[in-house]
Amino acid sequence: MIELGQLERHHEDFARRNTRVIVVSVEGLDDAKKTQTDFPHLIVLADQEHGLSDAAGLIHPHSAPDGSDTDAPTTILVDRHGMVRWLYRSSEVIARLSPDQVLQAIDLHIPARP
Amino acid sequence: MTTSSATAPRRFPGRLFLAMGLLLAVLGVIAYVVQIAMHNLMTPWYVPISATLGVVFLVLSLWQTRTVWRVLALLLLVLLAGAEWAFLLAVRLPAYTGPVAVGQPFPSFATTRADGTPFTRNDLQGDANNVFVFFRGRW
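What you see is a predicted model, and the numbers here were worked out from it, not measured in a lab.

Residues and elements named next belong to chain A. Of the pairings in the sheet, the one linking strand β1 (residues 19-25) to strand β2 (residues 43-46) comprises four bridges and is parallel in character. Each bridged residue has a counterpart across the sheet, and for Ser 25 the counterpart in β2 is Ala 46. Viewed along the sheet, the connection from β1 through helix α3 (residues 29-38) into β2 turns out right-handed.

Encoded structure:
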């Protein structure tokens with residue numbers, strides 16, 4: 001959740017780049033609602049049915065403390081036409097990108113509109 | 001006169017090594033707590049490294065004086081270092097081999113927003129770019 005807090009605090013930087021931050025986990029609606037309340041500038045998805053996580057191939061099986069599935073921590077940049085511009089996944093579960101690194105990736109991979 | 005302090009036997013030889021070993025292991029854990037408090041999410045490789053160095057110092061301490069307490073401290077530190085290495089190495093992720101590819105459209109999907117409304121690939125097209133951040137959960 002530290003990661004989401006950092007992204008929330010940088011929401012103006014993402015808005016300046018005309019970029020929405022969509023955070024996804026396989027938790028249910030109740031948890032997603034709490035997350036949305038905690039981080040109002042992010043778009044929170046409740047992917048309990050794995051509709052998005054399976055489509056993107058991001059399920060990390062049996063990796064939750066209770067043995068259930070989770071999403072493998074991954075960051076994907078998609079432009080406004082729906083094209084994938086960048087994908088990042090650390091080899092370490094506990095490592096995360098900083099907001100500055102995500103912003104740099106946006107600047108690098110999605111040119112600003114004239 | 002034979003009272004030179006330089007030649008007097010030390011009471012607890014290796015005590016400095018013992019203290020340094022324990023201190024290193026504890027400092028590694030404290031540094032990690034500080035790192036998290038500062039919201040820095042880098043991988044803390046320094047934690048098992050400091051515990052391993054602590055084991056080395058404890059071995060040096062035992063080399064100089066063997067006591068039950070030092071053996072116990074060494075065993076505890078070996079367990080701690082082992083657990084820290086195991087945790088960091090066990091939580092590695094395999095390389096991504098899924099269907100998402102740079103330069104290709106994002107795969108078709110259907111999921112749900114936190115407010116219960118649907119969210120699909122069509123919602124990615126519009127005025128704004130999107131960054132998906134997949135995370136493990138609230139826990």
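Next comes the rest of the account.
Okay, the environment of A:Val26 next. Residue and element names in this part refer to chain A. With respect to the helices and strands, Val 26 occurs in the loop between β1 and α3. Judged by C-beta crowding, with 28 C-beta atoms within 10 Å, Val 26 ranks as buried. Placed 22 residues apart in sequence, Val 26 and Gln 48 show a C-alpha to C-alpha distance of 4.4 Å.

Residues and elements named next belong to chain B. Between its first and last C-alpha atoms helix α3 (residues 68-90) spans 32 Å; for 23 residues at 1.5 Å apiece the expected length is 33 Å, and the two agree. Taken together, the buried positions of α3 are Arg 70, Ala 73, Leu 77, Leu 80, Ala 81 and Glu 84. Buried residues in α3 make contact with α1 (15-37) and α2 (46-64).

Pairing is mixed across the open sheet formed by five strands, whose spatial order is β2(A)-β1(A)-β3(B)-β5(A)-β6(A). Edge strands, defined here as strands with exactly one partner in the open sheet, are β2 and β6 (84-88) of chain A. Averaged over all pairs of adjacent strands, the angle between strand axes in this sheet comes to 20°, irrespective of strand direction.

What follows covers the packing of α2(B) against α3(B). All names here are of chain B. At their nearest, the axes of α2 and α3 sit 9 Å apart, and the two run at 160° to each other. The pairing of α2 with α3 is recorded here as roughly antiparallel in orientation. When the axes of α2 and α3 are compared, the crossing they make is left-handed. Of the residues in α3, those touching α2 at Val 47, Pro 48, Ala 51, Thr 52, Gly 54, Val 55, Leu 58, Val 59, Ser 61 and Leu 62 are Arg 70, Val 71, Ala 73, Leu 74, Leu 77, Val 78, Leu 80, Ala 81, Glu 84, Trp 85 and Leu 88. When grouped by side-chain class, the residues that make up the contact of α2 with α3 number 16 nonpolar, three polar and two charged.

Another aspect to go through is the nonpolar core. Formed by 34 residues in total, the largest nonpolar core has its most connected members in A:Val21, A:Val23, A:Leu45, B:Phe132 and B:Val133. Put simply, the parts of the chain that give this core at least two residues each are α1 (2-9), β1, β2, α4 (51-56), β5 (74-78) and α5 (99-109) of chain A together with β3 (129-134) of chain B. Those residues in contact with A:Leu45 that lie beyond four places of it in its chain are A:Ile22, A:Val24, A:Ala32, A:Leu52, B:Thr111, B:Thr112, B:Arg113 and B:Phe119. By size, the runner-up hydrophobic cluster in this structure holds 13 residues, among which are B:Ala25, B:Val55, B:Leu77 and B:Leu80.

Bringing unusual backbone geometry into the picture now. Residue and element names in this part refer to chain A. Residues other than glycine seldom take positive phi values, yet Asn 18 does so here, at roughly 55°. Along the chain, Asn 18 turns up in the loop between α2 (11-16) and β1. One non-glycine residue, His 50, lies in positive phi territory at about 65°. Here His 50 is to be found in the loop between β2 and α4.

The next point concerns the pairing of β1(A). Of all seven residues making up β1(A), seven are buried, and the element is well covered by its neighbours. Covered by surrounding structure in β1(A) are A:Thr19, A:Val21, A:Val23 and A:Ser25 together with A:Arg20, A:Ile22 and A:Val24, the residues of both alternating faces. Two strands pair when backbone bridges link them, and β1(A) and β3(B) are joined in this way by six bridges, in the parallel orientation. Considered in β3(B), the bridge of A:Arg20 is made with B:Asn130.

Parameters and conventions
Residues numbered from 1 in each chain as written. Chains lettered and ligands numbered in written order. Predicted model: local features only at pLDDT ≥ 70, side-chain atom pairs only at ≥ 80, totals over all residues. Pairing = 2+ DSSP bridges. Helix = DSSP H or I, 4+ residues; strand = E, 2+ residues; numbered from the N terminus. Right-handed = clockwise from strand over helix to strand, strands pointing away. Buried ≥ 20, exposed ≤ 12 C-beta atoms within 10 Å, placed from the backbone. Expected span 1.5 Å × (residues − 1). Contact = placed C-beta atoms within 7 Å. Axes fitted to C-alpha atoms, helices over the stretch in contact; angles between N-to-C directions. Parallel < 35°, antiparallel > 145°, perpendicular 65-115°, else oblique. Left-handed = near helix turned anticlockwise from the far one by under 90°. Nonpolar A, V, L, I, M, F, W, Y, C, P; charged D, E, K, R; others polar. Core = buried A, V, L, I, M, F, W, Y, C linked by C-beta atoms within 7 Å.

Without other data, these values stay purely geometric and don't point to any function.
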